[in-house]
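Structural overview
For reference, the chains in residue letters:
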Amino acid sequence: MLFYGTTLYGIQTGLCFAVLALGLYISYSILDFPDLSVDGTFPLGGVIATILMLRLGLPPLAAVLLSFFAGVAAGLVTGYLHVRCRISKLLSGIIVMTAMLSVTLALTQLLTKNGYTTAIFSYRSENLKSLFSFASETSLGRGAKDYWIIAVLLVFVIFVKFAIDIFLKTKLGYMLRSTGDNERLVTSLGKDPGKYKILGISLANGLVAMSGALYSQFTLQYDNTSGSGKVVLALASVIIGIAVFSNIRFIKDTTAVIAGALIYSLCLNYLVLVDKNGIYLKLLNAAMFAIILIFNDRLSGLRGLRYKRKGAKRIKEGGSDA
Amino acid sequence: MLELCDIYKTFNRGTVNEQALFTGFSFKANKGDFVSVVGSNGSGKTTMLNVISGSIPIDGGRVTLAGQDITNLPEYKRAAKIGRVFQDPSVGTIPGMTILENMSIAQNKGRPYNLGFAVSKKKYDGFRETVRELDLGLEDKMEIPVGLLSGGQRQAIALLMATMTPISFLILDEHTAALDPKTAEIIMRITDRIVKEKKLTAIMVTHNLRYAVAYGNRMLMLNHGNIVLEKNGDEKSATSVDELLSVFNSISIECGN
């Protein structure tokens, strides 16, 4: 029974983090930008959505969608620092991540009546409805609610996935992919690759903020420290997803990333079953990530070999796609 | 058409390695010229191309293209009018995308890259026809990622991509240097055909003296940032590879390399 509950919880958090992983897919996998500002924009999305609901009375879905723009704003700063001020990828991420620690703390003051800053704000204390609350909540059992949450999250994640898939097929999306793949060609085409980098990093952080907002709604609280370790979680999801599923031709990268987030989240939750006090959780988390990276490096090489494998298959099939 | 006027360029300024390459370098290409440039390593061939394309800043002088002063334009803005094929075949294409996708994105040059779909089925036949003209059998590999093609095939696609949209000037930066002799020959023939068909003004840097003699209507030899030999039109057609080689050798001996 404990295992069953853990599995459900793992799927739910996995779906919340899938949006986060899709964001990192854009910045890390497409643009080759390991964006550390994620640790800061994740809680930013949570606090913005909570404020929008509590102070402006917006419905939960609108709050989640609007939190996207807060993430975009933070991403713009990261992108600008890297592209225009020529600060290295990692450092520009660290700068924004650090700045966000204060920004989110300042914003939490808006959540409490007397301006008192707390690290955790509970939805229940203010009777705040979340995205997952529904009218006849009390009349249904715990089990039904779990499936309801999964259904809502699944719809949301699939919507985001298709939005990204379609975006990547547009001319703008192609330029984003080209920027990550061969920056000089973008210059040759008469465009400034820096512009596309900033755009991609902004969009990625927008998704990260949405994920933070979703997570807040799911846990029914906003936690100032919820950002810690999110980069590792997201990178692991992206890498697992693509390493495991890249051989299967009909599975798109975005689907693979979502699956990766689910796998990683389930693994983490099963670890909690073993490590009940959660003391070694981050250590196990880090160890798991290291193992994945070592394994992945041996097996494939995330970026380079992917298209080679797929292409090789097509050649074997006689190049009959044409 | 293209004019480099009184160009100054010093590398590593203010260090012990300071090296003044161009001191008042000038060059002019007229419309329809196909200029081949030869010279030993460090003679300033690639720097000259980089000055034209705007990849490196200059210390003084003026660059004009089609009557417009482009000295202060960043590289990506100049690229709207200038096409460039690099020595490294992987620079001219996007390895992770298919031939079709590569060509679609190149054809959109000069127009906005917005939220319209990048690949349209309507263009497919046209692209296939263009690729068929290369005669490399690539028309059956339209859906294969360019990263899987050989260097020569990639370079051919890069050449197509660089010249797909109307450009004022084409830069060929040792674009056959990384290829085997047979493939290099094929790429040179394709280059010549495209330049003639599209009536392009082009400059080609090469280490292959035979290509320098055989292709184009003008030829330059550079040494230490100066033009030491210039042959135009009929005078160039009359030049032999041996003649060029002897000049080349005499310069090398003077410089001690």
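Everything numeric here is computed off the predicted structure, so don't read it as measured data.

Comments concerning the overall build of chain B
Tallying secondary structure elements over chain B gives nine helices and ten strands in all. Relative to a compact globule of 257 residues, whose C-alpha radius of gyration would be 18 Å, chain B shows 19 Å and is just as compact. Here chain B holds 257 residues, and 53% of them are scored as buried. In chain B, the share of contacts with a sequence separation of at least 24, taken over all contacts with a separation of at least 6, comes to 68%. When the accessible surface of chain B is summed, it comes to about 11300 Å², and 50% of that surface belongs to carbon and sulfur atoms. Distance between charge centroids for chain B: 6 Å, based on 29 positive and 28 negative side chains.

Focus on the state of the cysteines
As used in these notes, a disulfide is a covalent bond between sulfur atoms, one from each of two cysteines. All names here are of chain A. Evaluated as defined, the whole model comprises zero disulfides over all chains. The closest cysteine sulfur to the non-disulfide-bonded Cys-267 is located on Cys-16, 17 Å from its own sulfur. Residue Cys-267 is classed as partly exposed on the basis of its relative accessible area, which comes to 31%.

Notes on the side chain of Ser-237 of chain A
All names here are of chain A. Tracing the sequence through the fold places Ser-237 in helix α9 (residues 230-245). On the basis of relative accessible area, Ser-237 is assigned to the buried category, the value being 0%. At 2.8 Å, the side chain of Ser-237 and the backbone oxygen of Leu-233 are in polar contact. Those residues in contact with Ser-237 that sit more than four places away from it in its chain are Ala-21, Val-257, Gly-260, Ala-261 and Tyr-264.

Topic: the interface of chain B and chain A
Each partner contributes residues to the interface: chain B has 37 residues there, and chain A has 30 residues. Buried area between chain B and chain A, summed over both chains or domains, comes out near 3000 Å², and the portion from carbon and sulfur atoms is 67%. On the chain B side of the interface with chain A, the three residues burying the most area are Tyr-76, Tyr-113 and Leu-148 of chain B, jointly 21% of the side's total. On the surface where chain B and chain A come into contact, there are one salt bridge. Across the pair Glu-101 of chain B and Arg-177 of chain A runs a salt bridge whose closest N-O atoms are separated by 3.9 Å. Where chain B meets chain A, there are eleven residue pairs in polar contact (both at pLDDT 80 or more). Elements that contribute at least two residues to the side of chain B that touches chain A include exactly α2 (75-78), α3 (99-107) and α4 (121-132) of chain B. For the side of chain B that touches chain A, the element with the most residues is α3 of chain B, which contributes three residues. Of the residues in the side of chain B that touches chain A, the class split is 21 nonpolar, nine polar and seven charged.

Let's talk about the packing of aromatic side chains
The geometry of an aromatic ring pair is captured by the separation of the ring centres together with the interplanar angle, meaning the angle of the planes. Residue and element names in this part refer to chain A. Taken as a whole and assessed by the stated rule, the structure comprises nine aromatic pairs over all chains. Ring geometry for Tyr-9 and Phe-218: centres 5.6 Å apart, planes at 40°, overall tilted. Of this pair, Tyr-9 sits in helix α1 (residues 2-30) while Phe-218 sits in helix α8 (residues 193-219), and the two are 209 residues apart along the sequence. Among the aromatic side chains, those forming a connected cluster through ring pairs are Tyr-9, Phe-132 and Phe-218. One residue, Lys-161, lies across the ring of Phe-162, its end atom 5.2 Å from the ring centre. Here Lys-230 stacks its cationic end above the ring of Phe-42, 5.1 Å away from the centre of that ring.

Some words on unusual backbone geometry
Only a minority of non-glycine residues have a phi that is not negative, and only a minority of peptide bonds are not trans. All names here are of chain B. The backbone of Asn-12 shows a phi angle near 50°, a positive value even though the residue is not glycine. Assignment of secondary structure puts Asn-12 in the loop between β1 (2-11) and β2 (19-29). The residue Glu-174 is not glycine, and still its phi comes out positive at about 45°. Judged by relative accessible area, which is 10%, Glu-174 ranks as buried.

As for the pattern of salt bridges
Residues and elements named next belong to chain B. A full pass over the atoms with the stated rule returns 15 salt bridges over all chains. With its nearest N and O atoms 3.5 Å apart, the salt bridge here joins Glu-129 to Arg-132. You can see Glu-129 and its partner Arg-132 sitting in helix α4, three residues apart, about one turn around the helix. Judged by relative accessible area, which is 39%, Glu-129 ranks as partly exposed. The shortest N-O distance in the salt bridge between Arg-210 and Glu-185 comes to 3.2 Å. You can see Arg-210 sitting in helix α7 (residues 209-214) and its partner Glu-185 sitting in helix α6 (residues 181-197), a full 25 residues away along the chain. Take Arg-210: its relative accessible area is 44%, and that puts it in the partly exposed class. In the salt-bridge network here, residues are joined through shared partners; they are Asp-33, Arg-218 and Glu-230.

Reading the values: the criteria
Residues numbered from 1 in each chain as written. Chains lettered and ligands numbered in written order. Predicted model: local features only at pLDDT ≥ 70, side-chain atom pairs only at ≥ 80, totals over all residues. Heavy atoms only, no water. Helix = DSSP H or I, 4+ residues; strand = E, 2+ residues; numbered from the N terminus. Rg over C-alpha atoms; globule rule 2.2 N^0.38 Å. Buried < 20%, exposed > 50% of the residue type's maximum accessible area, 1.4 Å probe, protein only. Contact = heavy atoms within 4.5 Å. Areas by Shrake-Rupley, 256 points an atom, 1.4 Å probe, with all protein chains shown as cover. Lys, Arg positive; Asp, Glu negative; His and termini not counted. Charge placed at Lys NZ, Arg CZ, Asp CG, Glu CD. Disulfide = S-S within 2.5 Å. Polar contact = N/O pair within 3.5 Å; in protein donor to acceptor, adjacent residues only side chain to side chain. Buried area = accessible area lost by both parts, 1.4 Å probe. Salt bridge = Lys/Arg side-chain N within 4 Å of Asp/Glu carboxyl O. Nonpolar A, V, L, I, M, F, W, Y, C, P; charged D, E, K, R; others polar. Phe/Tyr/Trp six-rings, centres within 6.5 Å; stacked < 30°, edge-to-face > 60°. Lys NZ or Arg CZ within 6 Å of the ring centre and 35° of its normal.

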